[in-house]
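Coordinate analysis (summary)
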Amino acid sequence: MRLPKPRGGLSEWLVARLAEPELSGSAPGADSWDDESISLWTLHELSFRGFEDADDRAEWDPDLLGVRRDLETALEDRLRARWAEAGVDATPALADVPTALEDLVATDDGPSLADFVRRRADRDQVLELLRQRSVYHLKESDPSAFVVPRLPVRAKAALVALQFDEYGDGDPNRLHSHLFARGLEAVGLRAEYGAYVDDAVPENLEMNNAGSLFGLHRRLRGAAMGHLAAFEMTSSLPSRKMVQGLDRLGLEGPMSDYYDEHVEADAIHEHLAARDICGTLADDEPDQAAEILFGAFTCLDVEARFATAMLGAWEDQR
Amino acid sequence: MSGRDFDHPDVVLVPHGPMLLRGAESVQDLEGTVHAVDRPVVALCRCEKSSRLPWCDGTHKVIPRS
């Protein structure tokens, strides 16, 4: 993947600095949320697959880590302010963490993109959604993989069991991100990693940045696992709706198969995540219980904001 | 030391949810058809409303609890 297009002064500075590590001078402030979001996304990406036109040593460059820390602090403050504003009881009895997760998911009233795809979306809208989704689905599960060494015994075993399934149970053909890439090709879209980052709306970048932030910081391991649980718990039924919508539009085949795989897989994963990962983590590390719920709330909240943005843009086009 | 410090049952019944089954190689459904299992854990439908019987597809969540 090549470096993304700048969206303002900070990302312009960052992209230049990544391509040319000898450049001196300090980072300017971000011009906009868009500028801030693409900058943090780019800095995080250095810890995933990186960029062919960036210096690999930039991942641990102290100046860039300083920029990344400022952007992450701003993002985390914003996410925590939304969580506080939501006013959910964040002190579940420890044995009840899986139930508290279920309650949180059950009361989520964000708009459903899958519903829209099932019933009303046209082909162009679905293709646009798939381009947006590709930013995450082509690195599906990768943020959670960073959490493995940071967990106690039971949660670690359960997370690896879940990840093993996400990564194809040892068969590269069944790796979920690979299934999505095959799906993209089949519907005539580009399948290479990071192909549509330049098209990503800031709500989508924020959603990805939140997941990477949680995955990359040991301190945020509880939030990362809560985020994973909420993601899995809101996947099975919407995936089925995606299959119905794709089939309605004549897009059956590998893309539909990708979502079809998630109907069954995530009906299993949601229980592994809520009970065996989050439940045991809260039991072993009680201070993580509230963090698990914060992460779960954030997963639902950023998805709702993304869905609202997409549906709003489509409404305006009518 | 037994080497078994943690409960790790092969079958787990999820309250108001499916039956989780670990380490199975095949499952026979209500019609007698045998399905191969290619995952370490599977979720078997208990509400009988799944569109993917014998597997759970999450449909139980939209059925009112009696």
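Everything here concerns the structure above.
Residues numbered from 1 in each chain as written. Chains lettered and ligands numbered in written order. Predicted model: local features only at pLDDT ≥ 70, side-chain atom pairs only at ≥ 80, totals over all residues. Heavy atoms only, no water.

**Side note on the interface of chain B and chain A**
On the side of chain A, 23 residues touch chain B, which itself brings 23 residues to the contact. Both faces combined, the contact of chain B with chain A buries some 1,900 Å², and carbon together with sulfur accounts for 54% of it. Looking at the side of chain B facing chain A, the largest losses of area belong to Arg39, Arg52 and Lys61 of chain B, adding up to 32% of the total buried there. Between chain B and chain A we count seven salt bridges in total. (Contact = heavy atoms within 4.5 Å. Buried area = accessible area lost by both parts, 1.4 Å probe. Salt bridge = Lys/Arg side-chain N within 4 Å of Asp/Glu carboxyl O.)

**Some points on helix α11 (residues 221-233) of chain A**
Residues and elements named next belong to chain A. With 13 residues, α11 should reach 18 Å at 1.5 Å per residue; the first-to-last C-alpha distance of 18 Å fits that figure. α11 sits mainly inside the fold: twelve of its 13 residues count as buried. Of the residues making up α11, those classed as buried are Arg221, Gly222, Ala223, Ala224, Met225, Gly226, His227, Leu228, Ala229, Ala230, Glu232 and Met233. (Helix = DSSP H or I, 4+ residues; strand = E, 2+ residues; numbered from the N terminus. Expected span 1.5 Å × (residues − 1). Buried < 20%, exposed > 50% of the residue type's maximum accessible area, 1.4 Å probe, protein only.)

**A look at the pairing of strand β5 (residues 41-44) of chain B**
Residues and elements named next belong to chain B. Burial along β5 is two-sided: the face carrying Val41 and Ala43 and the face carrying Val42 and Leu44 are both buried. Relative to β5, strand β2 (residues 19-22) runs antiparallel, the two sharing four bridges. Pairing of Met19 across the sheet is with Leu44, part of β5. (Pairing = 2+ DSSP bridges.)

**Thoughts on the nonpolar core**
All names here are of chain A. One finds Leu101, Leu130, Met225, Tyr259 and Ile277 to be the most contacted residues of the largest nonpolar core, which totals 106 residues. Split by domain, the residues of this core number at least three in each of domain 1 (9-79) and domain 2 (91-317). Apart from residues lying up to four places away in sequence, Tyr259 is in contact with Leu130, Arg133, His137, Phe180, Ser239, Met242, Val243 and Leu246. (Core = buried A, V, L, I, M, F, W, Y, C linked by side-chain atoms within 4.5 Å. Domains from an automatic or database assignment.)

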